[in-house]
Amino acid sequence: MNNECPFQTGQLLIGSFFHEPMRVLSTQSNDNGSWTLQLVGLESERYQPVILTDEDCHSLHIPDSAPPPQGIRQASYGKNSATSG
């Protein structure tokens with residue numbers, strides 16, 4: 001199983017796991033080959049953490065998406081987060 005995270009901060013995710021398109025806030029690789037994602041709904045702005053397996057990733061649609069609009073601060077979670085100054 002490839003543990004390279006296929007997700008990027010700011011990316012959109014669409015799939016049966018979600019009730020609306022979701023934006024990736026942060027990602028973290030787990031030791032068992034899964035990923036913990038911190039997501040926010042584009043319409044509801046509701047926060048949703050999820051754990052996805054490699055198999056789950058293949059069922060998601062990742063449309064071409066622009067980065068978040070200026071003024072939208074990226075949340076920082078987990079050990080893969082960047083600090084802002």
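Refer to the structure presented above.
The following refers to the structure shown.

Thresholds applied
- Residues numbered from 1 in each chain as written.
- Predicted model: local features only at pLDDT ≥ 70, side-chain atom pairs only at ≥ 80, totals over all residues.
- Heavy atoms only, no water.
- Buried < 20%, exposed > 50% of the residue type's maximum accessible area, 1.4 Å probe, protein only.
- Helix = DSSP H or I, 4+ residues; strand = E, 2+ residues; numbered from the N terminus.
- Pairing = 2+ DSSP bridges.
- Phe/Tyr/Trp six-rings, centres within 6.5 Å; stacked < 30°, edge-to-face > 60°.

1. Focus on the pairing of strand β2 (residues 22-29)
No. 1: Within β2, six of the eight residues are buried, leaving the element largely enclosed by the surrounding structure.
No. 2: As consecutive antiparallel partners, β2 and strand β3 (residues 35-41) are separated by five residues, and within that stretch Gly33 has a phi angle of approximately 90 degrees, a positive value.

2. Brief notes about the packing of aromatic side chains
No. 1: As enumerated under the stated definition, the model contains two aromatic pairs in all.
No. 2: Ring geometry for Phe7 against Trp35: centres 6.3 Å apart, planes inclined by 85 degrees, an arrangement best described as edge-to-face. Placement of Phe7 in the segment before β1 (12-13) and of Trp35 in strand β3 is noted, with a sequence separation of 28 residues between them. With respect to burial, Phe7 and Trp35 carry one shared label: buried.

3. Quick word on unusual backbone geometry
No. 1: For Glu45, which is not glycine, the phi dihedral falls at a positive 60 degrees.
No. 2: Mapped onto the elements, Glu45 comes out in the loop between β3 and β4 (47-52).

4. Observations regarding the sheet that holds β2
No. 1: Strand order in the open sheet formed by four strands is β1-β2-β3-β4, and the pairing between neighbours is antiparallel. The strands lining the two open edges of the sheet, one partner per strand, are β1 and β4.
No. 2: Two strands pair when backbone bridges link them, and β2 and β3 are joined in this way by seven bridges, in the antiparallel orientation. In the sheet register, Thr27 faces β3, and the bridge partner there is Leu37.

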